[in-house]
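What the coordinates show
Chain residues, written in single-letter form:
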Amino acid sequence: MADGAPTPEMIKAGQEAVARPAGLAAGSVEQQIIKDVKNANMAEAYNLMAGKQPDYAAIDRLIPNNFGYKDHTGVAQLTPTEGALLTEAQQIKNYLQEYATKGLNAGLSANARDYVVNNYAQVILTSPQLADRFVGMSPGLAITEARRIAAEHLKDPRLQRQVAEQIAQIADIAKPIEDKVTPVEEELHRLRQEEQRLKDLYDGTDGAKGKHDKKETQVKEYIQTEQPSGSGTFVDGVKLARIKALESSKAAAEAQRTNLENTIIPGLTDDLANLQSELRASLDAIGSAPTGTANMTAYLTSLGLRATTTIQTEITAKQGELRGKRTDLSVKVRESKEAETEANQLREEKQRYEAELKELETKMEKAKEAWEKAKDTGDKKETERNRLWTQKETAETQWVDQLRKIIPEISAGELQKAMQTGVNKAKEIMDKRTEEEKDSGKKRFWEFEKQQYIGPDGKPIKGTINTDRLSLMRAGTDYQFTLSNGNVERIFLNGAEQTLVDVMVRGGMTNDAIYNLVKDPTTRAEMSVTLAQDILTTFLWSGGRLSNQGEVIAIQRSDWGKGMVAKAMAGRTDLQAQVDAVIGKDVLKWDKDILAQLGKIDWTKFAAILFLIVGGFTLFSILKK
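Residues numbered from 1 in each chain as written. Predicted model: local features only at pLDDT ≥ 70, side-chain atom pairs only at ≥ 80, totals over all residues. Heavy atoms only, no water.

Quick look at the overall build of the protein
- The number of helices and strands found in the protein is 24 helices and 6 strands.
- Going through the 625 residues of the protein one by one, you find that 41% of them count as buried.
- In the protein, the share of contacts with a sequence separation of at least 24, taken over all contacts with a separation of at least 6, comes to 70%.
- As displayed, the protein offers around 32,800 Å² of accessible surface, 51% of which is attributable to carbon and sulfur atoms. (Helix = DSSP H or I, 4+ residues; strand = E, 2+ residues; numbered from the N terminus. Buried < 20%, exposed > 50% of the residue type's maximum accessible area, 1.4 Å probe, protein only. Contact = heavy atoms within 4.5 Å. Areas by Shrake-Rupley, 256 points an atom, 1.4 Å probe, with all protein chains shown as cover.)

Considerations on helix 14 (residues 440-453)
- Taking 1.5 Å of rise per residue, the 14 residues of helix 14 would be expected to cover 20 Å, and the 21 Å separating its terminal C-alpha atoms lies within 8% of that figure.
- One side-chain oxygen at the N-terminal end of helix 14 lies 2.9 Å from the backbone nitrogen of glycine 441; it belongs to aspartate 439. (Expected span 1.5 Å × (residues − 1). Polar contact = N/O pair within 3.5 Å; in protein donor to acceptor, adjacent residues only side chain to side chain.)

Structural notes on the nonpolar core
- Ranked by size, the top nonpolar core spans 59 residues in total, and within it Met569, Leu598 and Ile609 carry the most contacts.
- Looking at which element gives the most residues to this core, the answer is helix 18 (residues 521-541), with 9 residues.
- Apart from residues no more than four positions distant in its own chain, isoleucine 609 is found in contact with Val565, Met569, Val579, Ile583, Leu588, Leu598 and Ile601.
- Leu96, Val116, Val117 and Leu415 belong to the second largest nonpolar core, which has 43 residues in total. (Core = buried A, V, L, I, M, F, W, Y, C linked by side-chain atoms within 4.5 Å.)

Some points on the packing of helix 16 (residues 495-506) against helix 17 (residues 511-518)
- As a packed pair, helix 16 and helix 17 sit with axes 10 Å apart at the nearest point and diverge in direction by 150°. Judged on the interaxial angle alone, helix 17 and helix 16 are roughly antiparallel. The two elements helix 16 and helix 17 cross, and the hand of that crossing is right-handed. Contact residues: Leu500, Val501, Met504 and Val505 in helix 16; Ile514, Leu517 and Val518 in helix 17.
- Residues that form the contact of helix 16 with helix 17 fall into these classes: 7 nonpolar, no polar and no charged. (Axes fitted to C-alpha atoms, helices over the stretch in contact; angles between N-to-C directions. Parallel < 35°, antiparallel > 145°, perpendicular 65-115°, else oblique. Left-handed = near helix turned anticlockwise from the far one by under 90°. Nonpolar A, V, L, I, M, F, W, Y, C, P; charged D, E, K, R; others polar.)

Details of unusual backbone geometry
- Look at the link from glutamine 227 to proline 228: it is a cis peptide, with omega at -15°.
- Locating proline 228 in the fold gives a position in the loop between strand 3 (224-226) and strand 4 (234-236).

Here we look at the pairing of strand 6 (residues 488-493)
- In terms of strand pairing, strand 5 (residues 477-482) meets strand 6 through 6 bridges, oriented antiparallel. The residue of strand 6 that forms the bridge with glutamine 480 is arginine 490.
- The turn linking strand 5 back onto strand 6 is made up of 5 residues, and glycine 486 within it adopts a positive phi angle of 95°. (Pairing = 2+ DSSP bridges.)

Section: the packing of aromatic side chains
- Applying the stated criterion across every chain, the model contains 8 aromatic pairs.
- Where phenylalanine 67 meets tryptophan 399, the ring centres are 6.0 Å apart and the plane angle is 80°; that geometry is what we call edge-to-face. Of this pair, phenylalanine 67 sits in the loop between helix 4 (56-65) and strand 1 (69-70) while tryptophan 399 sits in helix 13 (residues 308-436), and the two are 332 residues apart along the sequence. Like tryptophan 399, phenylalanine 67 is buried.
- On the numbers, 5.4 Å between centres and 40° between planes, the contact of tyrosine 95 with tyrosine 115 is tilted. (Phe/Tyr/Trp six-rings, centres within 6.5 Å; stacked < 30°, edge-to-face > 60°.)

Brief notes about the environment of glutamine 452
- Among the structural elements, glutamine 452 can be located in helix 14.
- On the basis of relative accessibility, which here comes to 11%, the residue glutamine 452 falls in the buried class.
- Separated by 54 residues in the primary sequence, glutamine 452 and arginine 506 have C-alpha atoms spaced 9.6 Å apart.
- Look past the residues within four positions of glutamine 452 in its chain and what remains in contact with it is Ile461, Thr464, Val503 and Arg506.
- Among the polar contacts listed, one links the side chain of glutamine 452 to the side chain of arginine 506, at a separation of 2.8 Å.

Some points on helix 10 (residues 208-220)
- Helix length check: helix 10 (13 residues) gives 18 Å between terminal C-alpha atoms against 18 Å at 1.5 Å per residue, within 8%.
- Within the span of helix 10, buried status applies to Ala208, His212, Lys215 and Val219. The buried side chains of helix 10 occupy one side of the element, clustering within an arc of 70° when seen end-on.
- Looking at the buried positions of helix 10, the neighbouring elements they touch are helix 9 (181-203) and helix 13. (Arc of directions from axis to C-beta.)

Considering the pattern of salt bridges
- According to the stated counting rule, one finds 50 salt bridges in the structure shown.
- Here glutamate 195 and arginine 192 are joined by a salt bridge, their closest N and O atoms 2.5 Å apart. Here glutamate 195 and its partner arginine 192 are both found in helix 9, 3 residues apart, which amounts to about one turn of the helix.
- With a closest N to O distance of 2.8 Å, aspartate 468 and arginine 506 form a salt bridge. Placement of the pair is aspartate 468 in helix 15 (residues 462-472) and arginine 506 in helix 16, with a sequence separation of 38 residues. (Salt bridge = Lys/Arg side-chain N within 4 Å of Asp/Glu carboxyl O.)

Here's what the structure looks like:
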C-alpha cells in the first residue's frame, strides 16, 4: 500500500466509508475501511474502496463456453479432461466467490471454507521459510496447525478483496479462451460428408467397385481360376467349360459329317446304283425269256440273276437308308454351325466383358482415388482439429490454473508481507529498546546490534545473522579479558554470551567497557538471551532454517535457549494457550518453574515451542501484543 500523505481521492474514500451506516457485519470490508480511516491508514482504506469487483454472473456464463467446442449440431464436445476442468472451474469460482463476498465466517459453506483454508495451509506447509515451524510435529498435527494459522489470516477482509480482484482480473478473462476448434470442426464435418459421398460412389450399393467386382465375376466364368487359392488346382469357369463343350460337340459333328459325306452316303449311293443295274438286268432277262416260261424266278436263277421283287425291296430299303443318312448329315451340319455360333457368341461376350471390366477398373480406380483424396483431406483436417483441441485444452488448463493459484499466490504474498512485517516489528522493538535504555554502555550496544541484523532498507542482513546464529551454538568456554590497568579477568561464557561479546568487539567497544557490562551474571544472561532471540527471530523470518535436529537440541540444552523461551512465555496466557494447542495440554505446568521443565520435555515439543516464540508463522501476532 502507498505511504505518505493521503491524496484527495483517499480522503474522499475515507469520508464515504465513515459515512456508511452502523451495523456492518464484523470482519466486513466496509468495517475494515472505517477502521483504517480512524487509524489514519488512508492508503489502505482507499485501496479497499477502489478494489475492482468481478461480474460473477458474467463469469458463470463465461465458464461453460470456455471449455470444449461445439460440433456441427451445436452440441458441446468435451474430453474427460475438459469435463473435469469445467467442473473444477465452476467449483473454484463458487468457493472463491463465497469467500470474497462472505469472508471466513459462519455464513461460509463448509466446502468453500475447506477450499480456501486448505489451499492457504498447503502454502504454509510447503513454504521453505516456514519449514522449521513444524519440526517435531506429526503430519496430522502439522496440518491442523497450518489450517489454524491459515484461518486466522483469512479472517482479514483485505484478503477477501484481493481474492475478488484476482477473480476480476482472470475474468477479464471476459476475454474468453479463443475457440479455433469449432470453425475447423464445421469444415471437417463438410469434408467428411463429401468423403462419404465419394466413398459411396466407390463402394456403395451401386458404386464403381461393386460394378467392377460384378463384371470381374462374369469375366471369371470364361477363364481358369485356382481353387482354392494357392492349391495349384485350376478349375474352368462355367462359360469356359461351355465353350470347350461346344468345341468338342462341333468337332464330333464335323467328324460325323465328314464320314457321312465321304464314306457312308457315297457307299449307299454306289450300293443303290448297283441294285438298280441289277434290277435292269433282271428286267431285261424277263423281257427276253422264252414264251411260256412257267417259273421266272427259277429262270432268273438259272441265269445268275435275282428276282426283281427281291432287288426292288433292297432298293427301297437302301433308298430309305440313304435318305436317313442325308438327314443325319443335315443335323450334323446344323449342330456344328450351332456349336460354332454359340462358342463365337461366348468368345465375343468374353471380349466385351473384358473391355467393360477394364473400363470399370479405370472408373473404380478414379472413384477410389477421389475418395482416398477426400479421406486424406478429412484426416488432415481432423488432425488440425485435434491439434487445436489439444491446444485449447492446454489453454483451458492454464486458465483453470489461474483460478487454482488465486489463494496460493495471495497466501504466498501474505506470508512474505507477514515476514517483512515481523522483521519491521523486530526492528521497532530494537529501536524502542535502544531509545529506552538508560545505561550508556547497553545503549551503545543495542544501537550497534540493531544495525547488524536489519539494514537501512529494512531488509535482514542474512550474512551477519547466519554467522551469529552459528556462533550461538558454541560450547561454553573461559573467556579472558585483558583490561587497560593490566589486570586479566576470566569469565565462563556460554555460546550466547560469547556471541554477545563478539558483537560488542565488532562494535568497537573496549575490553574494559565489555567487561563492565558482562561481569554481572544477571546483566550478561539478560542481554545474551535478548540477543539470541533477535538473531533467531530475524534468521528464521528472513528464510533461514535450523540445520538439523542437533541444532534444536543444542538450543534446548543451553541455559540461554531455555531462558529465551521461558522469558517469552512468562505471563503470556495467550501464548501459553497456543503452546498447549501445539504440544498438548498439561505438558507444561504454567504455575511451576517453566525453565526447569523446558530442559526435560521431548526435543520435538521444545522445537514446536521455540518456533512459536521466535520462528513461527504467528510471530507477527505475538509481537503485536
